[in-house]
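# Observations on the three-dimensional arrangement
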Amino acid sequence: MEARRKERIDRGIKVRSEGIYVVSSLKEMLYVAGPRVFLMAGLLLLPLVLEMAPYWKRVVNIMCVYGLLAISFDFLANIVGLVCLGGAMFIGVGGYMTAIFNVYLHCPVYLAIPLAGLSGASICTILLLPCLSLRGVYFAIVTLMYPLLFTRIIEALNILGGTNGITGLDSFPNQYLENYVIIILLLVFLFGLRRLMDEDIGLVLRGVKDNDQSVRASGINVTHLKALAVFIASFIGCLGGAYLAHLYMWAGLSLFALDFSIIPIAAVTIGGGGSMLGAVIGTFILVPLSEFLRFFGTFRIVIYCLILTGFIVFKSEGLLPYFARKYDQFERWAKI
Amino acid sequence: MSILSVENISKTFGGLMALMSVSFSVKQGEIYGIIGPNGSGKTTLINCITGFIKPEAGKVYFRGSNIRGWPAHKIARAGIARTFQVMRPYYSLPAYKNLIIPLWSPRARAIGGWRGGGKHGDRDTVAVDILEEIGFERDSRVPYKMASTLPTGYLKRLELARCIALRPEIIFCDEVFSGLSASEVAGMLPLIEKLKMEGITLIMVEHRLKELFKVADRVMALQFGEKIAEGHYKEVIADPRVKEAYLGSEEV
Ligand SMILES: Nc1ncnc2c1ncn2[C@@H]1O[C@H](COP(=O)(O)OP(=O)(O)OP(=O)(O)O)[C@@H](O)[C@H]1O
Ligand SMILES: [Mg+2]
């Protein structure tokens, strides 16, 4: 029997539309911009399509919050090399900060959310600063412990509303704003971070993951870079938390729930890491899926886990790299 | 006046004395060789001077100020670059992108002066220029290959290229010739001379003595963490202690 091997070859249109010769025809333009435009338009149209299903509009909102957490995790873990399980910490700190600004200090929503993002990110960055030199699993454990710590402190000291949380946050003026605020936040940070990766600073951040000793030998302070990355990631997460608190009109201990740390990781695993886009695709599959599975009652966890395991075993590269390959290359059998 | 002067550096690992009160000084524009058998403390000496490990005692004067105890990135920013004996490229990046990181660093940006000023966008061009200068054939597209696919010879040169991109005053080379063929080394010697002409001070740890002696102005020999000889290479290899260190007890 002849030995055969699968060959992968770039499609002509990919080669033509690369580099400096870009976009000489409409077809090539569509090829390059197509997926991006599709994602953007799809997301922006979603609230209109779901006009008749308010429940699912809500699911889209939550899905986008998880999307923010997933790109924040992907950025820290796969670009900078800091495995951060701090989703719950970012959501909780962001949520409580916006409650403080909105309820205690009477800032309007549109001011409270950005202020919560900035102050929350500063708090998270300062708290994580001493751990930045820790490697691998140690950093992950610390980020996982902080939400527990916050919960216990709020309970024990009965501050910030204690176990009842802070109620009476302003909601968004209308349904559409509620939808579009989070959708646009997600799109801005998704494409913003991808843009950052193409800049030289993005390359330097990648270098930190690859080889921090060499970055140091180039006269660059690695701790500063990591702190900057943590600030960016926690800013994104805290904005999500602040949004969520206004959506619920409530900031309580459940904002520190473990789900916010775990689901983003699962999403990145399914979607594929390192591109931020895979993270978003993963969330868009995982979050609606878990809603669908509510029909199955408590059995849904079992199905959920089976699907997750299936993905990890059979498509461990993630969906995005798989689809990107199909999009850019064709396969054929070659004799060897 | 010497640009770098090291006084009584000592370092122990557990019970092992890796460096025992080593002192030397180097003039600007000099090529200074450091030789010694395996495990004699050459790499440890580089690590101590460049801040990657902290020596227990001693002083390191760079242009008159004591830099011992400074963090590694601050020492590099002051102008002391180094290669790693165990090569440390950015494997996930193409070769020329490896140079973007030192070119982006505060030092290189502050000095600038590359054709085009080192602004963003030009950095790619500057990076490829540096690689070409160090022996990456531009036409063969080697500069654009992923670092993980390059053979040792190119990776060694990439180590040196990362140092050059930083626009340093001093470069510590930790065995940049090892793993290279004789003709590859011969191709690199003019580059070493050229760096010297530009006023860069080179401190070269080498096992390839023949090639080192072609360029080195002075040489120091280490054994068991102790400096046993220093001077012109002919004096150093004539030293009985150096002979013994290299040839073991057979000489005795
Ligand atoms: N991090 C470390 N921990 C413990 N011992 C170390 C460490 N680094 C080096 N040593 C020991 O210190 C001594 C000097 O090592 P060093 O790497 O400086 O030698 P070298 O002269 O560079 O050798 P080579 O020519 O093989 O590169 C060796 O005995 C080595 O085992
Ligand atoms: Mg060594």
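See the structure printed just above.
These notes cover the structure that comes with them. (Residues numbered from 1 in each chain as written. Chains lettered and ligands numbered in written order. Predicted model: local features only at pLDDT ≥ 70, side-chain atom pairs only at ≥ 80, totals over all residues. Heavy atoms only, no water.)

## Things to note about the pairing of strand S10 (residues 226-231) of chain B
All names here are of chain B. For strand S9 (residues 218-223) and S10, the ladder comprises five bridges, and the chain directions are antiparallel. Each residue of the ladder has a partner; that of Met220, found in S10, is Glu230. Taken together, S9 and the strand that follows it, S10, pair antiparallel across an intervening segment of two residues, in which Phe224 is found at a positive phi of about 45°. (Pairing = 2+ DSSP bridges. Helix = DSSP H or I, 4+ residues; strand = E, 2+ residues; numbered from the N terminus.)

## Observations concerning the site of ligand 1
Residues and elements named next belong to chain B. Of all residues adjacent to ligand 1, which total 13 residues, the nearest are Asn38, Lys42, Thr43, Thr44 and Gln85. For ligand 1, an oxygen atom lies 2.9 Å from a polar atom in the backbone of Gly39. Contact with the protein chains covers 60% of the free accessible surface of ligand 1, which is 640 Å². Looking at the shell around ligand 1, the elements that each hand over two or more residues are strand S2 (16-27) and helix H1 (42-50). Top element by residues in the shell around ligand 1 is H1. It accounts for three residues. Residue classes in the shell around ligand 1 are distributed as three nonpolar, eight polar and two charged. (Near = heavy atom within 4 Å. Polar contact = N/O pair within 3.5 Å; in protein donor to acceptor, adjacent residues only side chain to side chain. Areas by Shrake-Rupley, 256 points an atom, 1.4 Å probe, with all protein chains shown as cover. Nonpolar A, V, L, I, M, F, W, Y, C, P; charged D, E, K, R; others polar.)

## Structural notes on the interface of chain A and chain B
Across the contact, 19 residues belong to chain A and 24 residues belong to chain B. When chain A packs against chain B, close to 1900 Å² is buried across both sides, 63% of that on carbon and sulfur atoms. Across the contact surface, chain A and chain B share one salt bridge. One salt bridge in this structure joins B:Arg123 and A:Asp200, with 2.4 Å as the shortest N-O distance. Linking chain A to chain B there are eleven residue pairs in polar contact (both at pLDDT 80 or more). Contributions of two or more residues to the side of chain A that touches chain B are made by helix H8 (200-210) and helix H9 (212-217) of chain A. (Contact = heavy atoms within 4.5 Å. Buried area = accessible area lost by both parts, 1.4 Å probe. Salt bridge = Lys/Arg side-chain N within 4 Å of Asp/Glu carboxyl O.)

## Considerations on the sheet that holds strand S5 (residues 65-66) of chain B
By way of backbone hydrogen bonds, the strands of a sheet pair with one another, either parallel or antiparallel. Residue and element names in this part refer to chain B. Overall, antiparallel pairing links the four strands, which are arranged S2-S1-S4-S5 in an open sheet. Lying at the two open borders of the sheet, with one neighbouring strand each, are S2 and S5. The pairing of strand S1 (residues 2-13) with S2 spans eight bridges and is antiparallel. In the sheet register, Ser2 faces S2, and the bridge partner there is Lys27.

## Some points on the pairing of strand S7 (residues 170-174) of chain B
Residues and elements named next belong to chain B. Counting buried positions along S7 yields five of five residues, so the element is predominantly enclosed. Residues Ile170, Phe172 and Asp174 point to one face of S7 and Ile171 and Cys173 to the other, with burial holding for every one of them. Pairing analysis gives three bridges linking strand S6 (residues 80-82) to S7, with the strands arranged parallel. Looking at the pairing, Arg82 lines up with Phe172 of S7. Two elements, S7 and strand S8 (residues 201-205), share five bridges in a ladder whose sense is parallel. Across the sheet, residue Ile171 finds its bridge partner in S8, namely Leu202. After leaving S7, the chain enters helix H7 (residues 182-197) and then returns to the sheet as S8, a path that is right-handed. (Buried < 20%, exposed > 50% of the residue type's maximum accessible area, 1.4 Å probe, protein only. Right-handed = clockwise from strand over helix to strand, strands pointing away.)

## Side note on the coordination of the magnesium ion (ligand 2)
Residues and elements named next belong to chain B. The magnesium ion (ligand 2) binds to the protein through Thr43 (OG1) and Gln85 (OE1); the donor distances cover 1.8 to 2.1 Å. Here Thr43, found in helix H1, pairs with Gln85, found in the loop between S6 and helix H3 (100-104); they are 42 residues apart in sequence, far enough to count as distant. For Gln85, a relative accessible area of 30% corresponds to the partly exposed category. (Donors = N, O, S within 2.8 Å, 3.2 Å for Na, K, Ca; no water.)

## Brief notes about helix H3 (residues 54-80) of chain A
All names here are of chain A. Compared with an ideal rise of 1.5 Å per residue, which puts 27 residues at 39 Å, H3 spans 38 Å between its outermost C-alpha atoms and is within 8% of the ideal. Counting buried positions over the 27 residues of H3 gives 21, a clear majority of the element. Gly81, located one to two residues past H3, shows a positive phi value of around 85°. (Expected span 1.5 Å × (residues − 1).)

## Side note on the packing of H3(A) against helix H11 (residues 259-271) of chain A
All names here are of chain A. As a packed pair, H3 and H11 sit with axes 8 Å apart at the nearest point and diverge in direction by 70°. With respect to H11, the element H3 is oriented roughly perpendicular. Here H3 runs over H11; the crossing is right-handed. Along the contact surface, H3 presents Tyr66, Leu69, Ala70, Phe73, Asp74 and Asn78, while H11 presents Asp259, Phe260, Ile263, Pro264, Ile265, Ala267 and Val268. Tallied by class, the residues present in the contact of H3 with H11 amount to ten nonpolar, one polar and two charged. (Axes fitted to C-alpha atoms, helices over the stretch in contact; angles between N-to-C directions. Parallel < 35°, antiparallel > 145°, perpendicular 65-115°, else oblique. Left-handed = near helix turned anticlockwise from the far one by under 90°.)

Remember that the coordinates give geometry; whether it matters functionally is a separate question.
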